[in-house]
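# Architecture and fold: a report
So you can see what is in the structure, the chains are spelled out below.
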Amino acid sequence: MARSLRLVLLLAAALRLAHVAGQDASLVPDLIVQLSGATNDTLRADALARICFNLIRSNPDSARLVGDQAMALAKRVNNRRALADAHNNLGWLATEQGQFPRADSLLNTALGLFKKIGKPEYTSVALSNLGWLAEKKGDSVGSLKRFQEALRESEAAHDSATTAILLYSLGVGYRKIKEYPKALDYLQGALDIERTIGRKSKEGNCLVALANTYREQGDTSQALINYTEATRIYLLRQDHGGAGLVQENIGDLYADTDPQRALDRYAIAFAHYDSINSASDKAYVLKSIGAVQTTLLHFDEAGESLTTGRALAIAVGSNELVMDYEQALAQLASAQGDAIGTLHHYERYLALKDSLQGADTQRELARLRTEFETERAEKDNALLRAANNEKAERLRRRDIQLYGSIALGALAMVAAALFWRNYRQKHKHADVLEGLNEQLENSNAEITEINGLLEMKVLRGQMNPHFIYNCLNSAARMTQAGHSTEALFYLQGFARLLRMVLDHSVKDRITITEELDFLRQYLKLEAYRLDGLKYEVDADRALLDDDVELPALIVQPFVENALWHGLGGKQGDRSVSVRFAQQSGSLICTITDNGTGRTKSTAAPKADPQHKSLGMQLTNERLRLLARRIGQNGSFVVEDLQDASGAAVGTRVTLQLPMEP
């Protein structure tokens, strides 16, 4: 407890600094509250990872400290999701600080962990970060590949937030190849989504990218409008990285027409970058400063700026930026009339350029060699499979001949024995008959179990349309009420929930973690429909550590019944909680609501006295079938909750689920 208190105090101090130079400082206080109230190490690791992300630009030292704490906790509890988040956030911190080898290692580790988890929305984020890392390193081919992979994962997850990021990335890519109409289309789409979601920092990034695109098209007035709006957002959020980027781009806008104004903007940008110790950003802006100083014939100042910037570029390991510095130094030497210096820097520029092109060629050759070796291995495998099939056929024929010979020999022996060992032969036949009867009983038992499983599949197939109808009905009500935007987000969340239902419907059992994610997503959607709904879904730590399994889609009908019949007609605060625990070898799920209770629910004027929840009827049948299949009981009990005066204060359903041995 003392260690947790010290950590909270340390984060509070970091937050005070973040308010001075923070990008997302407004999110950190709530995260610190979550951290202090976390009941287990998994929740603490999750809160620390999110704090790390929101401190990356405002206070990178604190971000790294918190990220290391998150990784240590994730390793201790062996939580793959928390460990992947820690690697991903620390990798992005390293990317922002220009520590490219460390960033590459951390982000690729995060990608591998997310792929094992199997959630495309997680994988998409790691791929997108790797795309931006490749972009910062000057690897345009690798960047494009990562963004394309990330887009496919984002589409599979139906994740609008990640889609906005990837639309931004693709817009920037199209701008670089000067396909401006496509770039503007993608960037405007990203900006629209970010404004809807309310992510201000990313809204600012979209505005800067749009401004750069307009600037390259020659539309200076529209570019300045976007730059001004982006500056307002960054300054309000105290985001020095974003504010510096805007000033640097405005400097580029004035570089040819008003060099002194450009230098003023570059100086402001450098001050912002220096406050967050971003070596790569300082290197980029110093190159621009040196180029403008060369134009103004301030040779001494230009030499100092370019020399300092080149040292930073070497330190961060950006060979492409070092190459640009050599070209800028050659131009400076040429402006000074220094032919030897010009030749020296130009030769180094060409050497670096050839080296970078050679690296691209080697990567392409490696890719082609991998494809060739894969194709050749597939052909070898096909030949090997054909040879194995032929050998297996020969062995099968030999076995048939052997079994035939044995059968003939056995028949001859039986025929000879019939004459003088009649009694023993009858006894032998009786043993054979007993064995056949036993096999027949085993076959009947197997057929019975298969029929039971098929019957469960049919019942679950009836449940899914009923569940989908209720969800679509909720979206329809929102649309009828004029809440079109909420209905759109509701349907996006419903698409993700439907994907979970489809995934779970082909499984007999799912893990407790998957069930918790499913129920939280379902209740999140229903919170759009029921004003004031508060919900909680949790499980004992022992169940999470053992990754206990339970029947798929068996708890949701009870939660749905609590919402529609217990809370649907109630005014004021509504709450429902779902809790999983283990008791006497069974998995116990308790669903508690503070609704009107069964008496008031059935007595309501619009209620149908004959109505019974189809989902609960089907669930009761599934429990009966599961109990018959594995020999354990499954049942549920519904209790009406009352206060001291006997008034109804809600309903509690206790569901006993069978656990397979």
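Model, not experiment: these values are computed from the prediction. (Residues numbered from 1 in each chain as written. Predicted model: local features only at pLDDT ≥ 70, side-chain atom pairs only at ≥ 80, totals over all residues. Heavy atoms only, no water.)

## Description of the sheet that holds strand 6 (residues 635-642)
- Read from one edge to the other, the open sheet built from 5 strands follows the order 2-4-5-7-6, with strand pairing classed as mixed. Every other strand in the sheet has two partners, leaving strand 2 (533-539) and strand 6 as the edge strands with one partner each. Here the average twist between neighbouring strands, direction ignored, is 15°.
- In this sheet, strand 4 (residues 574-583) lies alongside strand 2 in parallel orientation, the contact comprising 7 bridges. Bridge pairing in strand 4 links aspartate 538 to arginine 579.
- Against the sheet, helix 21 (residues 512-529) touches strand 2 and strand 4, its axis set at about 180° to strand 2. (Pairing = 2+ DSSP bridges. Helix = DSSP H or I, 4+ residues; strand = E, 2+ residues; numbered from the N terminus. Axes fitted to C-alpha atoms, helices over the stretch in contact; angles between N-to-C directions. Contact = heavy atoms within 4.5 Å.)

## Looking at the nonpolar core
- Counting residues in each nonpolar core, the largest one holds 87 residues, and the members touching the most others are Ile51, Tyr168, Tyr227, Val246, Tyr266 and Tyr325.
- Setting aside residues up to four positions removed in sequence, tyrosine 227 forms contacts with Val208, Ala211, Asn212, Arg215, Val246, Asn249, Ile250 and Leu253. (Core = buried A, V, L, I, M, F, W, Y, C linked by side-chain atoms within 4.5 Å. Buried < 20%, exposed > 50% of the residue type's maximum accessible area, 1.4 Å probe, protein only.)

## Points about the pairing of strand 5 (residues 586-593)
- Across the 8 residues of strand 5, 6 count as buried, placing the element largely inside the fold.
- Pairing analysis gives 8 bridges linking strand 4 to strand 5, with the strands arranged antiparallel. Bridge pairing links valine 576 to aspartate 593 in strand 5.
- Between the antiparallel neighbours strand 4 and strand 5 lie 2 residues, among them serine 584 with a positive phi of about 55°.
- Note: strand 5 against strand 7 (residues 648-657), 7 bridges, orientation antiparallel. For aspartate 593, the partnering residue across the bridge sits in strand 7 and is threonine 651.

## With respect to unusual backbone geometry
- For histidine 158, which is not a glycine, the phi torsion comes out positive at approximately 55°.
- Turning to its location among the elements, histidine 158 is positioned in the loop between helix 8 (140-157) and helix 9 (160-176).
- What makes histidine 158 partly exposed here is its relative accessible area of 47%.
- The backbone of leucine 553 sits at a positive phi, close to 55°, despite the residue not being glycine.
- In this structure, leucine 553 sits in the loop between strand 3 (549-551) and helix 23 (556-567).

## Details of helix 13 (residues 240-254)
- Here helix 13 contains 15 residues, and its C-alpha end-to-end distance of 21 Å stays within 8% of the 21 Å for a straight helix at 1.5 Å per residue.
- Counting buried positions over the 15 residues of helix 13 gives 13, a clear majority of the element.
- Capping the start of helix 13, aspartate 239 holds a side-chain oxygen 3.2 Å from the backbone nitrogen of glycine 241, two or three residues further along. (Expected span 1.5 Å × (residues − 1). Polar contact = N/O pair within 3.5 Å; in protein donor to acceptor, adjacent residues only side chain to side chain.)

## Some remarks on the packing of aromatic side chains
- If you walk through the whole model with that rule in mind, you get 5 aromatic pairs.
- For the pair tryptophan 132 and tyrosine 168, a centre-to-centre distance of 5.7 Å together with 40° between the ring planes defines the contact as tilted. Here tryptophan 132 is found in helix 7 (residues 120-136), whereas its partner tyrosine 168 is found in helix 9, with 36 residues between them in sequence.
- Members of the aromatic cluster, joined through ring pairs, are Trp132, Phe147 and Tyr168.
- The ring of tyrosine 254 has arginine 261 sitting right over it, with the charged end atom 4.8 Å from the ring centre. (Phe/Tyr/Trp six-rings, centres within 6.5 Å; stacked < 30°, edge-to-face > 60°. Lys NZ or Arg CZ within 6 Å of the ring centre and 35° of its normal.)

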